[in-house]
Each structure stands twice: as C-alpha cells, then as structure tokens.
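Coordinate inspection notes
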Amino acid sequence: GRRACADDRSGTLVMIHYAKGYWGLPLFLKLHGSPFPRTLPFAVVSVAITIWLHLWDSGREEIVRSFAHPYPFQMYGFVIGFLVVLRTNHSLARFMEARTGVETMGSKWADSVAMLNAFDGCTVGSRSQEIGKPAMKQDHEHHDDHARFIARLTHLLSLLHAMALQHLRGDEELENIVPARTRRQTNTTAGPELKRVRDRNEAKESAVEIADGPEDEGISGYLGTRAIKPNGKEETRRLSARYNHMGAHLIHAATDDGKQARKNLVNPFLLREDPGLWARCCAATPLAVIGGLDPHEFKELDELDCDRTYLVLAWIQALIIRRYEDLDGIRVGPPILSRVHQTLTNGMLGFNMADKIAKTPFPMPYAQMLSVCLVVFNLTMPIMVAGHINNLWLAILVNFISTVAYQGLNEVARELEDPFKPVHINDHGMPQLQAMFNSKVRAASPSVKKTLTHWAQCDSWEVEKE
C-alpha cells in the first residue's frame, strides 16, 4: 500500500507523459493537466445564450434581418484566432527556452563533477615527488581524502541545483528540501556519498561521513531526529525519500512524507496563484538533495530570502580552492583547473537564462486585450449562430466547439507561459529534474580507486598485434 501510494503521487512530481498509441484518442479521457475543464464555464454561458435566442422567436427574427451576412464577425473571429495562436507560439517558446536553461545548468554542473573526479583522483605529479613518495603509493593514500572531497562536492552540487530550482519556482521554505536515498549498489564502481551521522558524539566531529555501503544501510543524506519513547526505547524518525529509475522519461522522485498530493490541491476548473496554494504546492513537491541539509547549511541558507544559489556556488568555489591548496589535493595546472570554474559559471548562465523566464511575465497589455476580446467573442458567437443555424442542436454543437477551441488554446498558453509555477500542473516537474540531476552527478563520480585498480590489471595484458 505504501509503494502504491508513492507511485500514485509520483504523477504530480514529474512532467506529464502520455502514450501516443491509438491515434491519440485515449487523451480525450485524460483530465489531469487538461485545459478543457477551464473552458467549460465560458462554453456553458455561451451555449445558454444560444438556447435562449433560439427559443425567443421575435428576437431571432430580428437577428436574421440585422445580419444578412456573417462577414463582419468572420473578420473579428480571424483576428481573435491570430492573437490566440500568436500567444500560444510565444508560450511554447518560453516553455522550451526555460527547459533549455535548466538542462544547460544541470549538464554543466554535472560536467564539473566528472572533471574534478579525474583531476583529483587520477593525476600524479610534482606534489607526490616533492614529499618523497612514489606516485602510485601516493595515489592509494590519497584516496580517502579524495573520496571525502568528491562526496562533499556531489552533495554541494546537488544542493546548488535544488536551490536553483527552488528559486525558479519562488519557493523559500528549506523544509521542502528532503534527503535523497542512497544510490543503488548494483556494481562495484559506485563512488562515495555523504550521509548524516546520527549522533555527533558517537562518530566524528564532522556531521558527515562516507557512505559507500549497500542500499539497505539507509538513506544517503539522512536527516532525522532521535526521540525516547515512554517505554525507554529509542526511536529514530527519518524523512523518507525514494528515488525510482524506470527509464529516461519516467525518472521521478516519489516521497512518502505524508504530504498532500498536488493534484488534490489544484482546482482543474481554475488557475489560482494565491500565496497559500503556492506554498502548499511547493510543500507537496519536495526536492531531494544528496546528503540532505546539515544544521550549519540550513542556518546559513535561512538567513537569505533569495539568491541562495550564489551562496552555495561560493561554497563550491571555496571547496575547490581549498582542495587545490592541500598538499595531496588537485594536481593539475591552474589553466586546466580554470576550466572547472568556467564550467560552473556556464551552468550559472543557464540558470540565469531560466530565471529570466521566471521573472519576466507574459506582457500584461497583450494578455488583457486578448482576454477582453475572447469574452466579447464568447458573447457574440451565439448571436451569429442563432441567426444562421436553424436547428437548435446543431447550433449548440457549433457554439460549444468554437468556444472551447478558442478558449482552450488561450488556457494552454496561460499555463505554459509560466513553466516553473508550482500551481500549474503542466510545469517542468521540479522533483523529476532534481532526481535526474542527482543521477547525473552520481554517474559522474565513480570510485576512482577501483577504476585505477582495474586499469592496472588491464595494463598487464598483451596487446594483440595485427
């Protein structure tokens, strides 16, 4: 039952995917994320006017005498259709440009993990020789520090990505950050990750340790509280997060945290953006971070109301420089290491391009003018239908289809032009994007020690000559 609940709620955490079989006909019955419910109030009013005009004989006769030809209304309908299509095109462009910015952001930041993993874990050179130790021996002794560096780096980059997504959707609540579950240990090449130490006094002074064991050890990024029950037994309460990988288009982060599913919060007949609903939708779609948030990070981030992304970026830059200054740290030349900083900056450029979409609304005068014109269209369409269609049921059908088509395209545009708003069901699916990024940084940080050992064994093989 618990798994079924999580899978049911996962549909509210990802972009809406749909099957394309049977010529798209099954989409007719799909209500979740559909614009049609929001067109029904306009269609009902317009159809009601059509019925009233058909039943009012004297009024209908006057309409027939007044409008000998529908050409004036046809011109008005053409202009409205052009305005609706233009807005829809711009909305789709905003939707895809925002997705491009987020993908660029995540791609560049994941690239930096791969580069630093190689720079810090595989390079040998002057520093190992300066302290009088053989290169290979230095590499093996260097592995533990390297593992901690990469584990903290992947944690901070996962946090950076989560802070960026929170900023884009206008979410300021750090409680909406949950720890990501540890990676699946199905092979021996998995790299290190961070997890929270349950009791600082029992382990290390630091609040983090290396977690490189099997999946059932717990949740990577464990962040919980310890409580003593009345019977004297200790109980640990943890935030439970699940990461499911079911194919590239079905990657999602399903949470079992008891929060209300977003699809139960959003009214399918109305687009609402009040602050209370906004906050509840953000809480219903938490973001999973590798390693979670430790108290120090929570405190530092909580002091900022916005632009927390830049604070986490500063932490990452400081971590890289600190590691470079260590005697056993990154052993590549400054020009090569500068590529990492440039890659991080390119990721920030993608973030700011997406932020441009989030901060810049569709122009109000255009939206206002189109809304007024559509209302006038919905009110005058029954007049034209009543004057030129004698059959009542055919008049109702034509009026209903026309109103739903025009109003439906406008509702599609209204929703897609703001792709990061959590109150819109057809947003980009922030938990899914975060889970996909976590998958990237995990794949980009394999165990260097095991890889080097395997390569050392391969070096003993003889190369087959042609």
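Residues numbered from 1 in each chain as written. Predicted model: local features only at pLDDT ≥ 70, side-chain atom pairs only at ≥ 80, totals over all residues. Heavy atoms only, no water.

1. Side note on the pattern of salt bridges
Summed over the entire model, instances satisfying the criterion amount to 15 salt bridges. Put simply, D171 and R169 hold a salt bridge, and the shortest N to O gap is 2.9 Å. Of the two residues, D171 and R169, neither departs from the other in class, the shared state being buried. For R323, the salt bridge goes to D326, with nearest N and O atoms at 3.9 Å. Salt bridges here are not isolated pairs; linked through shared partners, they connect R38, E411, R414 and E415. (Salt bridge = Lys/Arg side-chain N within 4 Å of Asp/Glu carboxyl O. Buried < 20%, exposed > 50% of the residue type's maximum accessible area, 1.4 Å probe, protein only.)

2. Some thoughts on a nonpolar patch on the surface
On the surface, L40, V44, F269, L270, L394, L397, F400 and I401 cluster together into a nonpolar patch covering about 710 Å² of accessible area. Put simply, the parts of the chain that give the nonpolar patch at least two residues each are α2 (36–55) and α12 (392–416). The element that contributes the greatest number of residues to the nonpolar patch is α12, accounting for four residues. Tracing the sequence through the fold places L270 in the loop between β7 (252–255) and α7 (275–284). (Patch = residues over 30% accessible without salt bridge, like charges linked within 9 Å, V, L, I, M, F, W, Y side chains within 5 Å. Areas by Shrake-Rupley, 256 points an atom, 1.4 Å probe, with all protein chains shown as cover. Helix = DSSP H or I, 4+ residues; strand = E, 2+ residues; numbered from the N terminus.)

3. Digging into the environment of F73
As for its position among the elements, F73 is in helix α4 (residues 71–121). The exposure class of F73 is buried, given its relative accessible area of 15%. Ignoring any residue separated from it by four or fewer positions in sequence, one finds F73 in contact with F377, T380, M381 and M384. (Contact = heavy atoms within 4.5 Å.)

4. Regarding a negative patch on the surface
A cluster of acidic side chains, namely E172, E173, E175, D302, E303 and D305, defines a negative patch on the protein surface. Looking at where D302 falls in the secondary structure, it is placed in helix α8 (residues 295–302). (Lys, Arg positive; Asp, Glu negative; His and termini not counted. Charge placed at Lys NZ, Arg CZ, Asp CG, Glu CD.)

5. A closer look at the packing of helix α9 (residues 308–325) against helix α10 (residues 334–359)
Viewed as axis vectors pointing N to C, α9 and α10 meet at an angle of 170°, and their least axial separation amounts to 12 Å. Judged on the interaxial angle alone, α10 and α9 are roughly antiparallel. Contacts between α9 and α10 pair T309, Y310, L313, I316, Q317, I320, I321 and Y324 from the former with P334, L337, V340, H341, L344, M348, F351 and N352 from the latter. (Axes fitted to C-alpha atoms, helices over the stretch in contact; angles between N-to-C directions. Parallel < 35°, antiparallel > 145°, perpendicular 65-115°, else oblique.)

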